[in-house]
Amino acid sequence: LPLHVSSLAVTELERCMGDLRLKGVAISTMAGTMELGDPQLRAFWAKAEALGAVVYIHPGGNRDRRFKRFHLWNSVGQAFEEAMAISSLMYDGVLESFPKLKICISHGGGYMPFYMGRIDRNYLEKANTRVNMSKPPIDYLRMLYFDSCVYERAVLQHLVDKVGADRVLLGSDYPVGETKPIEFVTDTETLSTTQKERILSTNAAALLGLAN
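This structure is a prediction, so every number in the text was calculated from the model and none was measured.

Asker: Would you mind going over the overall build of the protein chain with me for this structure?
Answerer: Across its full length, the protein chain carries ten helices and seven strands. Its C-alpha atoms give the protein chain a radius of gyration of 17 Å, near enough to 17 Å, the size a compact globule of 212 residues would have. C-alpha atoms of the protein chain, sized along the principal axes, occupy 45 × 45 × 40 Å. Out of the 212 residues in the protein chain, the part that is buried amounts to 44%. Partitioning the contacts of the protein chain with sequence separation of at least 6, the portion at a separation of at least 24 is 66%.

Asker: So what exactly am I meant to see when it comes to the pairing of strand E5 (residues 102-105) here?
Answerer: Remark: a regular strand shows side chains that alternate across the two faces of the sheet. One ladder, built from four bridges, connects strand E4 (residues 54-57) with E5; its direction is parallel. Paired with Ile57 across the two strands is Ile105, which belongs to E5. Bridge count for E5 against strand E6 (residues 145-147) is two bridges, and the pairing is parallel. Bridge assignment links Cys104 to a residue of E6, and that residue is Tyr145.

Asker: So what exactly am I meant to see when it comes to the packing of helix H1 (residues 6-17) against helix H2 (residues 42-51) here?
Answerer: Packed helix pairs are characterised by how far apart their axes lie and by the angle those axes make with each other. Look at H1 against H2: their axes get within 9 Å of each other, and the N-to-C directions meet at 15°. Taken together, the axis directions place H1 and H2 in an arrangement best described as roughly parallel. For the pair H1 and H2, the sense of crossing is right-handed. In this structure, H1 uses Ser6, Ala9, Val10, Leu13, Glu14 and Met17 to contact H2, whose residues at the interface are Ala43, Phe44, Lys47, Ala48 and Leu51. Of the residues that constitute the contact of H1 with H2, the class distribution is eight nonpolar, one polar and two charged.

Asker: What's the story with unusual backbone geometry in this structure? I'm lost.
Answerer: Apart from glycine, the bulk of residues carry a negative phi angle, and the bulk of peptide bonds sit in the trans form. Residue Pro175 is reached from Tyr174 by a cis peptide bond, and omega for that bond is 10°. With respect to the helices, strands and loops of the structure, Pro175 is situated in the loop between strand E7 (168-169) and helix H9 (181-186). The backbone phi angle of His71 is positive, close to 60°, even though this residue is not glycine. The residue His71 is located in the loop between E4 and helix H3 (72-75) in this model. The exposure class assigned to His71 is exposed, which follows from its relative accessible area of 55%. Positioned with a positive phi, His107 is a non-glycine residue whose angle comes to about 55°. Structurally, His107 can be placed in the loop between E5 and helix H6 (116-125).

Asker: I tried to follow a nonpolar patch on the surface on my own but got confused; where do I start?
Answerer: Judged by side-chain polarity, Val76, Phe80, Met84 and Tyr111 come together as a nonpolar surface patch covering roughly 320 Å² of accessible area. Its location among the elements puts Val76 in the loop between H3 and helix H4 (77-91).

Asker: When you look at the environment of Leu95 in this model, what are you seeing that I'm missing?
Answerer: Position of Leu95 relative to the elements: it lies in helix H5 (residues 94-97). Between the C-alpha atom of Leu95 and that of Leu141, which follows or precedes it by 46 residues, the distance is 9.3 Å. Residues contacting Leu95, with those up to four places away along its chain left out, are Leu89, Met90, Ile103, Tyr140, Met143 and Leu144.

Asker: What is the right way to read the packing of aromatic side chains from this model?
Answerer: Here the distance between the centres and the angle between the planes together describe a pair of aromatic rings. A complete count under the given rule lists two aromatic pairs for this structure. Taking the centre distance of 4.9 Å and the plane angle of 65° together, the rings of Phe44 and Trp45 count as edge-to-face. A relative accessible area of 0% places Trp45 in the buried class. Over the face of the ring belonging to Tyr145 we find Arg167, whose NZ or CZ atom lies 4.2 Å from the ring centre.

Rules of the game
Residues numbered from 1 in each chain as written. Predicted model: local features only at pLDDT ≥ 70, side-chain atom pairs only at ≥ 80, totals over all residues. Heavy atoms only, no water. Helix = DSSP H or I, 4+ residues; strand = E, 2+ residues; numbered from the N terminus. Rg over C-alpha atoms; globule rule 2.2 N^0.38 Å. Buried < 20%, exposed > 50% of the residue type's maximum accessible area, 1.4 Å probe, protein only. Contact = heavy atoms within 4.5 Å. Pairing = 2+ DSSP bridges. Axes fitted to C-alpha atoms, helices over the stretch in contact; angles between N-to-C directions. Parallel < 35°, antiparallel > 145°, perpendicular 65-115°, else oblique. Left-handed = near helix turned anticlockwise from the far one by under 90°. Nonpolar A, V, L, I, M, F, W, Y, C, P; charged D, E, K, R; others polar. Patch = residues over 30% accessible without salt bridge, like charges linked within 9 Å, V, L, I, M, F, W, Y side chains within 5 Å. Areas by Shrake-Rupley, 256 points an atom, 1.4 Å probe, with all protein chains shown as cover. Salt bridge = Lys/Arg side-chain N within 4 Å of Asp/Glu carboxyl O. Phe/Tyr/Trp six-rings, centres within 6.5 Å; stacked < 30°, edge-to-face > 60°. Lys NZ or Arg CZ within 6 Å of the ring centre and 35° of its normal.

Written out as structure tokens, the structure is:
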């Protein structure tokens, strides 16, 4: 979506969900120079919630000069972008204002799900972090969905431990991600059969309104 122009993003969202009969849309981790929680984007989030649209967030790349060397924009920068997007959704009050949003973050949410101890500590110790939040950050994290493209099975298990298997969806990052995304999940021996089934099919079916 052309998220950097909020009015156009709303119009295109309505067209996608109405005329095209799609289940949702994709956006990047920023809207031009704006974070996802910028006040100018409130109309978009309100419309996404009202329409029940699934919003998939995938970075468009990190253009900071520090990430240009060694393809760090991809190896480190993408996960950084996802963490920053989640941070904005939390701290800028998007998830507080629109609790019924259906948002899925690519690559298991980047770094954010794996460092919540420090995030939660800041919430408790620093009052200015709580101005748009009524509950701990971990509670907002569990309002989101995450795809399973995390490249290591121990990381997938940690993600499930942190947010619950009902919040993880099968992800491939095609054409550059997991070559066997289904086997990546089924061969994760620490997951139960029920958890694997949720990740592989039932979670997405429910989120997309395809469940019987």
